[in-house]
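Reading the structure
Here is what each chain is made of, one letter per residue.
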Amino acid sequence: LQTMSGNEDDWLALKPQEPSPSQCCGSGCKPCIYDVYEKELAQWERAKEKQDKSLLTGKKEQSNNSELNPDTFTAFNISSVEQLTEDTYQYKFELPGNSSLRLSLGQHIVLRGMVNGLEVQRAYTPISPGNAEGYFEVLMKCYEAGLMSQYIKTWKKGDMVFWRGPFGGFPYRPNKHGELLMLASGTGLAPMLPILQSITDDEEDETFVTLVGCFRTFDKIYLKPLLQDLARYWNIRIFYILSQETSLEKLPWSYQENTYTGRLNEDLVKTIINSCRRKPFVLICGSSAFNEDMSRYLKAAGIKENSRFVF
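Residues numbered from 1 in each chain as written. Predicted model: local features only at pLDDT ≥ 70, side-chain atom pairs only at ≥ 80, totals over all residues. Heavy atoms only, no water.

**Side note on the sheet that holds strand β8 (residues 179-185)**
By way of backbone hydrogen bonds, the strands of a sheet pair with one another, either parallel or antiparallel. Taken in spatial order, the six strands line up as β11-β10-β9-β8-β12-β13 in an open sheet, and their pairing is parallel. With partners counted over all chains shown, the strands left at the sheet margins are β11 (259-261) and β13 (308-310), one partner each. Neighbour-to-neighbour, the strand axes of the sheet open up by a mean angle of 15°, direction not taken into account. Both β8 and strand β12 (residues 280-285) contribute to a ladder of six bridges, which runs parallel. In the sheet register, L181 faces β12, and the bridge partner there is V282. Relative to the sheet, helix α7 (residues 266-275) contacts β8, β9 (208-215), β10 (236-242), β11 and β12, its axis offset from that of β10 by approximately 170°. Strands in contact with helix α8 (residues 288-300) are β8, β9, β12 and β13; relative to β12, the strand with the most contacts, it is inclined by about 160°. (Pairing = 2+ DSSP bridges. Helix = DSSP H or I, 4+ residues; strand = E, 2+ residues; numbered from the N terminus. Axes fitted to C-alpha atoms, helices over the stretch in contact; angles between N-to-C directions. Contact = heavy atoms within 4.5 Å.)

**Observations concerning the pairing of strand β5 (residues 118-124)**
Bridge count for strand β4 (residues 108-115) against β5 is seven bridges, and the pairing is antiparallel. Residue pairing for β5: I109 is matched across the bridge by Y124.

**A word on the pairing of strand β3 (residues 88-94)**
Taken across its seven residues, β3 has five buried, putting it largely inside the fold. With six bridges connecting them, strand β2 (residues 73-85) and β3 associate as antiparallel partners. Across the sheet, Q83 pairs through a bridge with Y89, a residue of β3. Where β2 folds back onto β3 in an antiparallel hairpin, the turn is made up of two residues. Bridge count for β3 against strand β6 (residues 135-141) is seven bridges, and the pairing is antiparallel. Looking at β6, one finds that Q90 is bridged to L139. (Buried < 20%, exposed > 50% of the residue type's maximum accessible area, 1.4 Å probe, protein only.)

**Here's the deal with the UniProt feature "binding site: FAD" (unreviewed entry) in the protein**
When the UniProt feature table is mapped onto this chain numbering, "binding site: FAD" (unreviewed entry) sits at R122, Y124, L139, K141, M148 and S149. For the annotated residues, spread through 28 residues, the largest C-alpha to C-alpha distance comes to 13.7 Å, consistent with a single compact locus. Since its relative accessible area comes to 3%, L139 is described here as buried. Filtering out sequence-adjacent residues up to four positions away, L139 remains in contact with L84, T88, Y89, Y124, I127, T187, Y222 and L223. Residue classification places K141 among the buried residues on the basis of a relative accessible area of 18%. Leaving out residues up to four positions away in the same chain, K141 has contacts with D87, T88, S149, T187, R216 and Y222. (UniProt positions renumbered as here; feature names shortened; annotations may be inferred.)

**Topic: helix α2 (residues 33-49)**
For α2, with 17 residues, the first-to-last C-alpha span of 24 Å sits near the 24 Å given by 1.5 Å per residue. Of the positions making up α2, those classed as buried are I33, V36, Y37, E40, L41, Q43, W44 and A47. Summarising the axial view, the buried residues of α2 lie within an arc of 165°, below the 170-degree limit, and thus occupy one face. For α2, the exposed residues lying more than 90 degrees away from the buried face are K39 and E49. (Expected span 1.5 Å × (residues − 1). Arc of directions from axis to C-beta.)

Here it is, written out as structure tokens:
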């Protein structure tokens, strides 16, 4: 009888752990971490019923083959860390050989971190072009009290970090929309960049783009050189909304004419929509409060639900 209860303990030790709420990034990934758990649990139950542990060999928590995968976490090496503002960093990760993540536009990947023994998962959108070879780059903001931020702040060049994906994305096709209006707050700029770059890289793509970037101050605008380069294209306009700047006089003159102070409110959204060259399809990315406000303003401006997409 002793062997039986010992065996029972062995099986319990192999049972998959149910994820805690902190492990779900809340971005609607397919498969979500809970889907992965359900699959592993069913596999464990089958193996236990047949008393055959070899049926569990398919269970891999993480892989080292450096191929991004939605079901398993893969290790990637940090090749550089660049601080952009006081709380925002750009991280570059190595891809083996000259491989590429092959993400479709605006897709996000999920990071796994351990903080004080607690596993946390969060979604981030790479800002590098989807076909970039040998590397990918992610823009990350660290929050004072953020669990994941505590983990990210410890990263150094050469560290291994675990990602899975890709998920979501915006099904962009060249020339499908006359004009894209992008409303981005802070790091919400991330999913917009690969789309912008694919438009400027494609000479046949004549989509107009109006990007509205919301930041607290001029110093907090990320990736200024890249944005200034993009704004030189005939079909790209960029506006900045700076909520904590009081006057435009201190800004470089090249920013003065396309920058507003204060918040992006309903009136300003209407003004920008009216200045669009064609009826826009709107992309929104920011905090959940920002996304809700923008959806409300767009509705008031007569932009229907099927003419907007929230990342």
